[in-house]
Amino acid sequence: MTITPTSPGSPAESGGLPTLGAGHTPGRTATRAESRNLLSSTTYDLLVIGGGILGTAVAWTAAQSGLKVAMVDAGDFAGATSSASSKLVHGGLRYLQTGAVKLVAENHKERRALATDVAPHLVNPLNFFVPVYKGGPHSAPVLGAGVFLYSALSMFRDGMGRVTTPAHAREQVPALRTEGLRSVAVYGDHQMNDSRVAVMTVRAAVESGAVVLNHAEVTGLRFTRGRVSGAEVRDRMSGEEFGVDARLVLNATGPWVDHLRKMEDAGAAPSIRLSKGAHVVVKRKAPWKAALTIPIDKYRVSFAIPWEDHVLLGTTDEEFTGDPAEVRPTDADVDQILGEAGHAVLGEHLDKDLITYRFAGLRVLPGGPGDTASAKRETVVTEGKGGMLSVAGGKWTTYRHIGRTVLAKLAQVPGAGLAEDMAPIPRSVPLPGVGSPNAVAHRLLVDRAPGTRMDPAVAAHLARHYGTFSFDIARLVAERPELGRPIHEDGPDIWAQVAFAAEQEWAYTVDDVLRRRTTVTVRGLDTEEVRAEVDAFLRGREG
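The structure presented is a predicted model; accordingly, all values stated were derived computationally and were not measured. (Residues numbered from 1 in each chain as written. Predicted model: local features only at pLDDT ≥ 70, side-chain atom pairs only at ≥ 80, totals over all residues. Heavy atoms only, no water.)

A separate point is the overall build of the chain. Assigned secondary structure in the chain consists of 16 helices and 18 strands. For 543 residues, the compact-globule estimate of 2.2 N^0.38 gives 24 Å, and the C-alpha radius of gyration of the chain, at 23 Å, lies within 12% of that figure. Across its three principal axes, the chain shows a C-alpha extent of roughly 65 × 65 × 40 Å. Per-residue burial over the chain gives 57% buried out of 543 residues. Considering only residue pairs separated by 6 or more positions, the chain has 71% of its internal contacts joining residues 24 or more positions apart. Of the roughly 22,000 Å² that the chain leaves accessible, carbon and sulfur atoms contribute 52%. When the 60 basic and 61 acidic side-chain charges of the chain are each reduced to a single mean position, those positions are 6 Å apart. (Helix = DSSP H or I, 4+ residues; strand = E, 2+ residues; numbered from the N terminus. Rg over C-alpha atoms; globule rule 2.2 N^0.38 Å. Buried < 20%, exposed > 50% of the residue type's maximum accessible area, 1.4 Å probe, protein only. Contact = heavy atoms within 4.5 Å. Areas by Shrake-Rupley, 256 points an atom, 1.4 Å probe, with all protein chains shown as cover. Lys, Arg positive; Asp, Glu negative; His and termini not counted. Charge placed at Lys NZ, Arg CZ, Asp CG, Glu CD.)

On to unusual backbone geometry, then. For the bond from Gly314 to Thr315, the omega torsion is 20°, close enough to zero to count as cis. With respect to the element layout, Thr315 can be found in the loop between strand 14 (310–314) and strand 15 (318–320). Even without being glycine, Phe156 reaches a positive phi, approximately 55°. With respect to the helices, strands and loops of the structure, Phe156 is situated in the loop between helix 5 (140–153) and strand 5 (162–164).

This part covers the packing of aromatic side chains. Evaluated as defined, the whole model comprises 10 aromatic pairs. Centre to centre, the rings of Trp495 and Phe537 are 6.1 Å apart; their planes meet at 40°, and the pair counts as tilted. Highlighted residues: Trp495 in helix 14 (residues 495–504) and Phe537 in helix 16 (residues 528–542), separated in sequence by 42 residues. Phe537 shares its class with Trp495; the two are buried. In this structure an aromatic cluster arises from ring pairing among Phe128, Tyr150, Tyr187 and Phe303. The aromatic ring of Tyr133 is capped on one face by Arg177, whose charged end is 4.3 Å from the ring centroid. Positioned above the aromatic ring of Phe471, the side-chain terminus of Arg443 is 4.1 Å from the ring centre. (Phe/Tyr/Trp six-rings, centres within 6.5 Å; stacked < 30°, edge-to-face > 60°. Lys NZ or Arg CZ within 6 Å of the ring centre and 35° of its normal.)

Parts of the model with low pLDDT should not have their predicted coordinates read in detail. Of all residues in the chain, 92% attain a pLDDT of 70 or more, and the chain-wide mean is 91. Contacts of residues 6–27 to residues separated by more than four positions or lying in other chains number 49 contacts, the stretch itself having pLDDT below 50. (pLDDT = per-residue confidence, 0-100.)

What follows concerns the side chain of Thr519. Within the element layout of this structure, Thr519 appears in the loop between helix 15 (510–517) and helix 16. Side-chain polar atoms of Thr519 contact the side chain of Arg523, separated by 2.7 Å. Beyond its immediate chain neighbours, meaning those up to four positions away, Thr519 contacts Asn193, Glu308, His461, His465, Asp493 and Leu514. (Polar contact = N/O pair within 3.5 Å; in protein donor to acceptor, adjacent residues only side chain to side chain.)

Attention now moves to helix 5. For helix 5, with 14 residues, the first-to-last C-alpha span of 20 Å sits near the 20 Å given by 1.5 Å per residue. Of the positions making up helix 5, those classed as buried are Leu143, Gly144, Val147, Tyr150 and Ser151. Looking down the long axis of helix 5, one finds its buried residues gathered within 125° of arc, a one-sided arrangement. For helix 5, the exposed residues lying more than 90 degrees away from the buried face are Pro141 and Val142. (Expected span 1.5 Å × (residues − 1). Arc of directions from axis to C-beta.)

So, on to the environment of Glu340. Mapped onto the secondary structure, Glu340 falls in helix 9 (residues 331–341). On the basis of relative accessible area, Glu340 is assigned to the buried category, the value being 9%. In this structure, the C-alpha to C-alpha distance between Glu340 and Ser65, residues 275 residues apart in sequence, is 45 Å. Setting aside residues up to four positions removed in sequence, Glu340 forms contacts with Ile294, Ile296, Arg300, Ser302 and Thr315. At a separation of 2.9 Å, a polar atom in the side chain of Glu340 contacts the side chain of Arg300.

There is a patch of nonpolar side chains on the surface, built from Phe148, Phe156 and Met160 and spanning about 290 Å² of accessible area. The partly exposed category is assigned to Phe148, whose relative accessible area is 39%. (Patch = residues over 30% accessible without salt bridge, like charges linked within 9 Å, V, L, I, M, F, W, Y side chains within 5 Å. Salt bridge = Lys/Arg side-chain N within 4 Å of Asp/Glu carboxyl O.)

With five of its five residues buried, strand 12 (residues 291–295) lies for the most part within the structure. What you see with strand 12 is no split at all: Ala291, Thr293 and Pro295 on one side and Leu292 and Ile294 on the other are buried throughout. Relative to strand 12, strand 4 (residues 123–133) runs parallel, the two being bridged by two bridges. The partner of Phe129 across the bridge, within strand 12, is Leu292. Where strand 12 lies against strand 13 (residues 301–307), four bridges are found, and the strand directions are antiparallel. Residue Pro295 lies in a different strand from strand 13, and its bridge partner there is Val301. (Pairing = 2+ DSSP bridges.)

With that settled, consider the side chain of Ser82. Looking at where Ser82 falls in the secondary structure, it is placed in the loop between strand 2 (69–72) and strand 3 (88–89). At 2.8 Å, the side chain of Ser82 forms a polar contact with the backbone nitrogen of Ile53. Residues contacting Ser82, with those up to four places away along its chain left out, are Gly52, Ile53, Asp194 and Trp396.

Oppositely charged side chains can form a pair if their charged atoms are brought close together. One pass over the structure, following the stated rule, counts 34 salt bridges. For the salt bridge of Asp317 with Arg363, the shortest nitrogen-to-oxygen distance reads 3.6 Å. Of this pair, Asp317 sits in the loop between strand 14 and strand 15 while Arg363 sits in strand 16 (residues 355–366), and the two are 46 residues apart along the sequence. Asp317 gets classed as buried once you look at its relative accessible area, which sits at 19%. Classification of Arg363 as partly exposed rests on a relative accessible area of 21%. Bridged by salt links that share partners, the residues Arg32, Arg36, Asp235 and Glu240 form one connected network.

So this is what it looks like as structure tokens:
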């Protein structure tokens, strides 16, 4: 099947006139040319370089405060580490072993805010079982006390952490290995699709006034009287070069943070080290109603998590010293992940033939001695010789808090003068598209034109990934019925999502669409034919 792009003169070519859903004001999505013009013709209060967890959080927060904000990324938004996470929004059960009770309580607070106020359409509750095997690193009483404290720190809003029976756990996870299983601890956390949260955060920043451009590489920094005052940028899509001026520049490039610091100061010493975390996605052979937290040793755990109708396994934790752009899961990584999952998952559910996708990302850790597994997971902000601030570290659960913390540091930079221009930031601003997934899915099914219908699986899928923007996707299908066809017959993603991604979500490459705007790649459905059809669609839109 060939899907043609939107016809000339449509919102796709004009830049887009999106209907932003209930509670949102329709706004125009700028074309790349318009974005380049805006970026090169304005002096911004803040230029954020890097559109991952940290960059998007700071850009959104700063724009909410009333600052003029620009954000560029050499690749796609959340195109590297930030879309290679374990997809968890969690308090961090294992942090209790190091006595980090306050940290866990703070994580829980942010987790609950995301799940109830900020992104209930994107963040979903999930129970986790911790199996206790004969000869394992933890006893049932210790784990029972741990999950009880864990749930107490969240004020029991996800139920009470407790110890349950192997039989009950097996009902929820039929793939659970019961040989030698003594008991099972259970607690509540949340999960999300990190790529979808990222693109919604970028949209929130733009709705607050930020100007953004992905696939825009910083090739050099601008200086005024020895201070960093902007950046030279090359549009990787068109090859055009332009500059961006700003009162303050934030380096939020993740694994590339030291590369940009050397543009500021060639003698800058390394400030970070990298840890590779690999994951594997497998087809599920039985229902998974809960996740497994699998103790590997006294400190490390591995996860087996139901995700996008599959099971996500991982992760690894080992030092990485190569080119961040070349990070890949190796065969050894896959063997390790499957082997560690095998501590608690029956072997028939871990066959390599079941693998649909494998990926790896890099944790950015503070420089220092010791192995990466024991290194602190903290956010570090430093100021360079030319006044550029660099931020590294962080996690999805606390990304809003990190955005506020970094913005507070930016306001204190001498000579930048940002503090007097900043307005108070609301405590909890919902991400665009907020709405009950169940209610959205119901409306998608009942509010249909006569003689038309939507597959319930597609409606549920759209509601969980787009919230009220699902109605905009449904309108695309009503206008052009061919967009209601599946991208691949074995998955719930439809062609209207490709059109929406290209028109409203800054998707310019096949991977932007298939890996980060939809779930086609993680399901192992990005065949050569599918990739060619999506590529033709995107190229046709350019023309």
